[in-house]
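Structural overview for review
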Amino acid sequence: MATLLNSMSSMTNPSPETTRKSPGFFHQILNLHSFPLIKGFTRVLATTHITISPKDTVFTLPNWKTGKNGTKSREVRLSDAFFHMEYMVRKGQKPDVAQATQLLYDLCKANKMKKSIRVMEMMVDSGIIPDAASYTFLVNHLCKRGNVGHAMQLVEKMEAHGYPTNTVTYNSLVRGLCMRGNLKQSLQLLDKLIQRGLVPNEFTYSFLLEAAYKEKGVNEAMKLLDEIIAKGGKPNLVSYNVLLTGLCKEGRTDEAIRFFRVLPAKGFDPNVVSYNIVLRNLCYEGRWQEANELLAEMDGGDRSPSVVTYNILIGSLALHGRTGHALDVLDEMIRGGFKVSATSYNPIIARLCQEEKVNLVVKCLDQMIYRGCKPNEGTYNAIAVLCEQGMVQEAFSIIQSVGNKQSSSSNDFYKSVISSLCRKGNTYPAFQILYEMTKSGFTPDSYTYSSLIRGLCLEGMLQGAMEIFIVMEESNCRPDVDNFNALILGFCKSQRTDLSLKVFEMMIEKGYLPNETTYTILVEGIVHEGEIELAAEVLKELQMREVVSQNALERLVMQYNLPAIDNF
């Protein structure tokens, strides 16, 4: 950690000793061990809030929308408008409502959430009533970014000022809490909503029920539904579909069918979503007769088959080796006027690759491209199944053929393929295909090596990720800061922030200049180790040394509810 903080001064003017290359450096660090996170930073004083006395004088804000098109200049103009508003409100004047509202929206879009909240607070403290849309937008934006605590504080302050909160706003809070695994707090919020006379809607209940079955199982979710109904709640079909999904995901298909059949008795006719939920399980379990009977019921209206229905059939048939039937369903899908995509073809291609039917794979791909379906990440991963069958050269030949039909250059296409494989955890096939690519003249660049590093880390092969740097040195390819960032991020995601810090030290010793991304990755790694206060103190030091921007500072503080930082 000392290296992390002390590096900033030395990196401004690196000495010749630090920039000189040391051969075989990475050979010395392959046997990785644990390195303790260093603590010892002092806590920062919390910022104080200012109470505003509302007055009648209305002022206008400087125009932050005009000027040069550069991102930086726009950020400066946004900040100028914010600080002008803060200064004038402190003097007791009121901002123009329309301007203040637009400033709030633009600050949100620029991810300056702390300032967005402050604008809302200044409007309320000045005696201005914000419109419901802007208030709900801000709460929803905060919750989507994981800042549920700040969103709840804002709602409490708004309610304290007599500003009513509607069901849509509460839904944002409920959903945010559910996504963070706080079901108990979500239920408390539901009670509060009902006590205030607000009526929960289908989204409120679906968020709660989904969180319940994910946290405690579908049985507990069903008990929760009974409690909701006992308290006067009126769930709709969306809520029941959530429970249906829970039963199917737990493999309780027969119970799911019985539950599905009693929906009309509860006052709800199943829709296409309900049918698709049950159909998926029947098909993937190979219960074709029952699946056909269910399909026969999907005869129109809300029960008409959708693109999802067809893709379920195609995927399950391909999984069971019935590729001929899958292709028939795909043709029927087209005749029915549905737009097919690579998503429909990929399961068929994967199965044909598994069966080593290379000619049929090529034919299927040609048909797919002829029909205007652009190959995607899933397509390349489907082709890579050939590598598992020992047919690496055939896989590369097919990929090369697909690349020749694309508008991008072969280099860009190859990089995209390797990146796609690594993102899906197919790193070994990525190495095999990469070898074939290099024989055809492709030279891996920094982006390609970073993809391999991320893929190896994703699969838990941290040692292998380190060895990529040795390969780069032996290939006379000097690693860059993005390669180090990929490795540091991989270690942090593997909850090995101690190793990330060690890699950071090595990076400095090699004479590389860390960038803002490097520092933010490390701060987030420390947060995920549960060292919240340490992360805040490190971030404070980084801010003082001016190696993280104000925008990055605000994002980290808001996203992880870090203790207040001076000048924030």
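Residues numbered from 1 in each chain as written. Predicted model: local features only at pLDDT ≥ 70, side-chain atom pairs only at ≥ 80, totals over all residues. Heavy atoms only, no water.

Secondary structure assignment for the protein chain yields 31 helices and two strands. Look at the contacts in the protein chain between residues 6 or more apart in sequence, and 67% of them connect residues 24 or more apart. Carbon and sulfur atoms form 51% of the exposed surface of the protein chain, whose accessible area is close to 27100 Å². (Helix = DSSP H or I, 4+ residues; strand = E, 2+ residues; numbered from the N terminus. Contact = heavy atoms within 4.5 Å. Areas by Shrake-Rupley, 256 points an atom, 1.4 Å probe, with all protein chains shown as cover.)

Next up on the list: the packing of aromatic side chains. Using the criterion set out here, one finds 14 aromatic pairs in the structure. Geometrically, the ring pair formed by Phe469 and Phe484 is tilted, given 5.0 Å between the ring centres and 40° between the ring planes. Of this pair, Phe469 sits in helix H26 (residues 462-474) while Phe484 sits in helix H27 (residues 481-493), and the two are 15 residues apart along the sequence. The pair Phe469 / Phe484 is uniform in exposure class, with both members buried. (Phe/Tyr/Trp six-rings, centres within 6.5 Å; stacked < 30°, edge-to-face > 60°. Buried < 20%, exposed > 50% of the residue type's maximum accessible area, 1.4 Å probe, protein only.)

Judged by nonpolar contacts, the single largest core of 170 residues is most densely connected at Met85 and Ile349. Sequence-distant contacts of Met85, that is, excluding residues within four places in its chain, are made with Phe59, Leu61, Pro95, Ala100, Leu103, Val119, Met122 and Met123. (Core = buried A, V, L, I, M, F, W, Y, C linked by side-chain atoms within 4.5 Å.)

Our focus in this paragraph is the environment of Glu554. Relative to the elements of secondary structure, Glu554 occurs in helix H31 (residues 550-559). In sequence terms Glu554 and Lys112 are 442 residues apart; their C-alpha atoms lie 6.5 Å from each other.

What follows deals with the confidence of the model for the protein chain. Across the protein chain, the average pLDDT comes to 86, with 88% of residues at 70 or higher. Ranking the helices and strands of the protein chain by mean pLDDT puts helix H18 (residues 342-354) first, with 98, and helix H2 (residues 16-19) last, with 41. Note on residues 1-5: pLDDT under 50 across the span, and 20 contacts to partners over four residues away in sequence or across chains. Segment residues 8-25: pLDDT under 50, and 22 contacts once partners within four positions in sequence are set aside and those in other chains are kept. (pLDDT = per-residue confidence, 0-100.)

Tallied over the entire structure, the rule returns 28 salt bridges. Residue Asp331 is joined to Arg371 by a salt bridge in which the shortest nitrogen-to-oxygen separation is 3.2 Å. Here the residue Asp331 occupies a position in helix H17 (residues 323-335), and Arg371 occupies one in the loop between helix H19 (358-370) and helix H20 (377-383), the gap between them amounting to 40 residues. Among the residues examined, Arg371 registers a relative accessible area of 33% and is labelled partly exposed. The shortest N-O distance in the salt bridge between Lys357 and Glu355 comes to 3.0 Å. With relative accessibility at 26%, the residue Glu355 sits in the partly exposed group. When salt bridges that share partners are traced, they join Asp254, Glu285, Arg287 and Glu290 into one network. (Salt bridge = Lys/Arg side-chain N within 4 Å of Asp/Glu carboxyl O.)

Before going further, it helps to examine the environment of Thr323. Relative to the assigned elements, Thr323 resides in helix H17. Residues Thr323 and Arg351, spaced 28 residues apart in sequence, show a C-alpha to C-alpha distance of 7.4 Å. Apart from residues no more than four positions distant in its own chain, Thr323 is found in contact with Leu317, Ile348, Arg351 and Leu352.

So, on to the environment of Ala350. Looking at where Ala350 falls in the secondary structure, it is placed in helix H18. Between the C-alpha atom of Ala350 and that of Asn381, which follows or precedes it by 31 residues, the distance is 7.9 Å. Beyond its immediate chain neighbours, meaning those up to four positions away, Ala350 contacts Ala382 and Val385.

Turning our eyes to something else, we now look at the state of the cysteines. In total, this model carries zero disulfides according to the counting rule given. Of all cysteine sulfurs in the structure, the one in Cys353 sits closest to Cys364, which takes part in no disulfide; the separation is 9.3 Å. We classify Cys364 as buried; its relative accessible area is 5%. (Disulfide = S-S within 2.5 Å.)

Here the focus is H19. Helix length check: H19, at 13 residues, gives a terminal C-alpha distance of 18 Å against a target of 18 Å (1.5 Å per residue), a fit within 8%. Along H19, the residues classified as buried are Val358, Val361, Cys364, Leu365 and Met368. Along the axis of H19, the buried residues cluster in a sector spanning 120°; they form a single face. Residues of H19 that are exposed and point more than 90 degrees away from the buried face comprise Asn359, Lys363 and Tyr370. Against the buried residues of H19 lie H17, H18, H20, helix H21 (385-388) and helix H22 (392-404). (Expected span 1.5 Å × (residues − 1). Arc of directions from axis to C-beta.)

Phi angles above zero are rare outside glycine, and Asn111 is one such case at about 60°. Residue position: Asn111 is located in the loop between helix H4 (97-109) and helix H5 (113-125).

Counting through the fold element by element, Thr167 comes out in helix H8 (residues 167-179). Given a relative accessible area of 13%, Thr167 falls into the buried group. Apart from residues no more than four positions distant in its own chain, Thr167 is found in contact with Leu198, Val199, Pro200, Asn201 and Thr204.

This brings us to the packing of H5 against helix H7 (residues 148-160). Two elements in contact, H5 and H7, have axes separated by 11 Å at closest approach and are oriented at 5°. Judged on the interaxial angle alone, H7 and H5 are roughly parallel. Taking contact as the criterion, the partners of Lys114, Ile117, Met120, Glu121, Val124 and Asp125 in H5 are, on H7, His150, Leu154, Lys157 and Met158. Partitioned by chemical class, the residues of the contact of H5 with H7 number five nonpolar, one polar and four charged. (Axes fitted to C-alpha atoms, helices over the stretch in contact; angles between N-to-C directions. Parallel < 35°, antiparallel > 145°, perpendicular 65-115°, else oblique. Nonpolar A, V, L, I, M, F, W, Y, C, P; charged D, E, K, R; others polar.)

Our focus in this paragraph is the side chain of Thr165. Its location among the elements puts Thr165 in the loop between H7 and H8. When its relative accessible area of 8% is taken as the criterion, Thr165 is described as buried. Of the polar contacts made by the side chain of Thr165, one reaches the side chain of Tyr135; its length is 3.2 Å. A polar side-chain atom of Thr165 sits 3.0 Å from a polar atom in the side chain of Glu159. (Polar contact = N/O pair within 3.5 Å; in protein donor to acceptor, adjacent residues only side chain to side chain.)

The terminal C-alpha atoms of helix H23 (residues 410-423), which comprises 14 residues, lie 20 Å apart, in line with the 20 Å expected from a rise of 1.5 Å per residue. Of all the positions in H23, only Phe413, Tyr414, Lys415, Val417, Ile418, Ser419, Ser420, Leu421 and Cys422 are classed as buried. As for H23, its buried residues are in contact with H20, H22, helix H24 (427-439) and helix H25 (446-458). Once H23 finishes, Gly425 follows within two positions and takes phi at roughly 80°, a positive value.

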